[in-house]
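This is what each chain is made of:
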Amino acid sequence: MAIGAQDKLDKALVRKYQSLKVDNAIVQNSMIDPNKILNTMNDYANAHMEAFRIHQALKDICTKAISMNIHYTKMKSVKSKKERIAEAARKVVAAQMAKKNELTRKLAKEPRPTTA
């Protein structure tokens, strides 16, 4: 990886600003101690990391609880349209045969009229 201007635009900017002198900014004394600011930032980051750890632990516990309560059921095999039509036709024929058998039983029980 090279350091410095990579293309024409970068080179033009370097040429334009290389003669300019920039003074370093003077850091003024702050009313707040920098170490106190850093400690506060560290505490804030630690609180967020702890909250993230708690969130991950709860997520894992919930996932385990949900997975323990899952009841897997075997799904019926998917039938083609032809198979479904054939099954429906068999049911219709079976119903018609049951009706016919019921009528023949009723007729068999009834006495037949005699002709004299």
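A few points on the structure.

Definitions and limits used
- Numbering of residues begins from 1 in every chain and follows the order in which that chain's sequence is written.
- In keeping with the model being predicted, local features are shown solely for residues with a pLDDT of at least 70 and side-chain atom pairs are shown and tallied solely at 80 or more, while totals for entire chains, interfaces and linings include all residues.
- Calculation of side-chain values draws on the structure's entire complement of heavy atoms; hydrogens and water are dropped beforehand.
- Note on definitions: salt bridges are taken to be side-chain nitrogens of Lys or Arg within 4 Å of carboxyl oxygens of Asp or Glu.
- Per-residue accessibility, obtained with a 1.4 Å probe over protein chains only, is compared with the maximum for each type, and a residue is labelled buried under 20%, exposed over 50%, and partly exposed between these values.
- The numbering of helices and of strands both runs from the N terminus, where a helix is a DSSP run of H or I of at least 4 residues and a strand a run of E of at least 2.
- Note that patches include only residues with greater than 30% relative accessible area and no salt bridge, and the join distances are 9 Å for like charges and 5 Å for nonpolar side chains (Val, Leu, Ile, Met, Phe, Trp, Tyr).
- Every accessible area reported is derived by Shrake-Rupley at a probe size of 1.4 Å, with residue values counting cover from the shown protein chains alone.

1. Some remarks on the pattern of salt bridges
Across all of its chains, the model carries four salt bridges by this definition. One salt bridge in this structure joins Glu 87 and Lys 79, with 2.6 Å as the shortest N-O distance. Residue Glu 87 is classed as partly exposed on the basis of its relative accessible area, which comes to 26%. Judged by its relative accessible area of 38%, Lys 79 is partly exposed. With a shortest N-O distance of 3.8 Å, Lys 91 and Glu 87 are connected by a salt bridge. Placement of both Lys 91 and Glu 87 in helix H3 (residues 81-109) is noted, with a separation of four residues, approximately one turn of the helix. One network of salt bridges, with partners in common, ties together Lys 79, Glu 87 and Lys 91.

2. Overview of a nonpolar patch on the surface
On the surface, a nonpolar cluster with roughly 570 Å² of combined accessible area is contributed by Met 31, Ile 32, Ile 37, Leu 38 and Met 41. Counting through the fold element by element, Ile 37 comes out in helix H2 (residues 34-68). On the basis of relative accessible area, Ile 37 is assigned to the partly exposed category, the value being 36%.

Interpretation note: all reported values are geometric properties and have no functional meaning in isolation.
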